[in-house]
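# Structure at a glance
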Amino acid sequence: MSNNRKSIFRLPVEFYTFIVLICLLAIFSVASNYRFLSYENLRALGRLLPDLGIVSLGIAMLMIAGEFDLSISSQIPLCSFIMIQLLKLGLGEVPSFFVTLGVGAILGLINAMITIKGRIPSFITTLGTMLLWRGVLYVWSGMMPIALRPYIPERSIFEEILVSDIFGVPVQIVWFAGIALVLGFILHRHKFGNWIYATGDNEAAARAMGVNTTLTKTICFMIVGTLCGFVATLQLYRIESFAATQGIGFEFKAIAACVLGGISLTGGVGSMVGAVIGILTMQTIDTGLILAGVPVFGVTTFIGLVIIIFSLIATAAQRRTR
């Protein structure tokens, strides 16, 4: 019996999260009179989940490498504003999109250079850049909303690719799944994934083994920035307007989703499957509580409580494994 208990405690954190996800789906479907599992709600989830989910996939890789990025809540609206300004200048949708991705990658590179070259904890670096880019955006945009529709044709091909439906399924969820598969392959089947794990687990030992930890962290930061540019475009086309407050709060929700998925706050531990399960659980909690009539501050309180509980579970599971 004691051996069975030990084996249960040695199960990965994502296993517990998956069980919690199934229980939450059952609870929220009953609490909302089965509205939660209705086609309309699931379709809405398919449109909303990728906004946070795609960025969280990049944050998962970065956290496994031992770093954080709190500036995503400012990178997303800044990239969105740059995208719409390029469209206003008549650059065209596809060129504007790739320039926006490049801007996101540069923002990630800036975070990496300050963190690595300046030897500043990434938590502090990205907290500073979050406030910096937000201030720049607020001054530059005047915090005024800008409608997208005057600058793109009605139902353009590019818009269809980004935010249409495929057999009733929002294409955004397809993008989320595709990006998860690509990053999962890199993390678990490519040499670079081994570098990420080694860097996050013990950076000094990784360098001694010949791993270029500087390049590894830099690429992870740039992946996060590029995904911010992609999400900024998705949001811009989905809501058909720019808003300076897009993405606010994403930084903590992304970290929370990763923690729920069993990704260690100290680096070196986690999986892409766990990240996906954590993202699904986070969105389920957020949407389910709202449908159940819980006020917004109650949702925030519950998410904070979940982060604490799962951090304790993850720590206990890692100690049992060791």
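A quick note: this is a predicted structure, and the numbers were derived from the prediction, not measured.

What counts, and where the lines are drawn
- Residues numbered from 1 in each chain as written.
- Predicted model: local features only at pLDDT ≥ 70, side-chain atom pairs only at ≥ 80, totals over all residues.
- Heavy atoms only, no water.
- Phe/Tyr/Trp six-rings, centres within 6.5 Å; stacked < 30°, edge-to-face > 60°.
- Helix = DSSP H or I, 4+ residues; strand = E, 2+ residues; numbered from the N terminus.
- Buried < 20%, exposed > 50% of the residue type's maximum accessible area, 1.4 Å probe, protein only.
- Contact = heavy atoms within 4.5 Å.
- Patch = residues over 30% accessible without salt bridge, like charges linked within 9 Å, V, L, I, M, F, W, Y side chains within 5 Å.
- Areas by Shrake-Rupley, 256 points an atom, 1.4 Å probe, with all protein chains shown as cover.
- Salt bridge = Lys/Arg side-chain N within 4 Å of Asp/Glu carboxyl O.
- pLDDT = per-residue confidence, 0-100.

### Considerations on the packing of aromatic side chains
Two numbers describe a pair of aromatic rings. These are the distance of the centres and the angle of the planes. Considering all chains together, one arrives at 10 aromatic pairs under this definition. Taking the centre distance of 5.6 Å and the plane angle of 70° together, the rings of Phe158 and Tyr237 count as edge-to-face. Taken together, the residues Phe158 in helix α7 (residues 157–163) and Tyr237 in helix α11 (residues 213–239) connect sequence positions 79 residues apart. Residue Phe158 is classed as buried on the basis of its relative accessible area, which comes to 11%. Among the aromatic residues, those joined into a cluster by ring pairs are Phe97, Phe98, Phe158, Trp175, Phe230 and Tyr237.

### Considerations on the environment of Leu24
Among the structural elements, Leu24 can be located in helix α2 (residues 13–31). The spatial distance from the C-alpha of Leu24 to the C-alpha of Ile72 is 28 Å, given a sequence separation of 48 residues. If near-sequence neighbours (up to four positions away) are discounted, Leu24 is found in contact with Thr281, Thr284 and Ile285.

### Quick notes on a nonpolar patch on the surface
Nonpolar side chains collect at one region of the surface, where Ile106, Ile110, Ile114, Ile120, Phe123, Ile124, Leu127 and Leu131 lie side by side and expose about 650 Å² of accessible area between them. Sorting the residues of the nonpolar patch by element identifies α5 (93–117) and α6 (122–141) as the ones contributing at least two each. Sort the elements by how many residues they give to the nonpolar patch and α6 lands first, with 4 residues. If you trace the backbone, Leu131 turns up in helix α6.

### Describing the confidence of the model for the protein
The share of residues in the protein with pLDDT of 70 or more is 94%, and the mean pLDDT across the chain is 88. Contacts for the low-pLDDT stretch residues 1–9, under 50 throughout, to residues beyond four places or in other chains number 4 contacts.

### Observations concerning unusual backbone geometry
Positive phi values are uncommon outside glycine, yet Phe167 reaches one of about 55°. Counting through the fold element by element, Phe167 comes out in the loop between β2 (165–166) and β3 (169–170).

### Things to note about the side chain of Thr125
Locating Thr125 in the fold gives a position in helix α6. Among the residues examined, Thr125 registers a relative accessible area of 5% and is labelled buried. Setting aside its immediate chain neighbours within four residues, Thr125 contacts Asn111, Ile114, Thr115 and Ile120.

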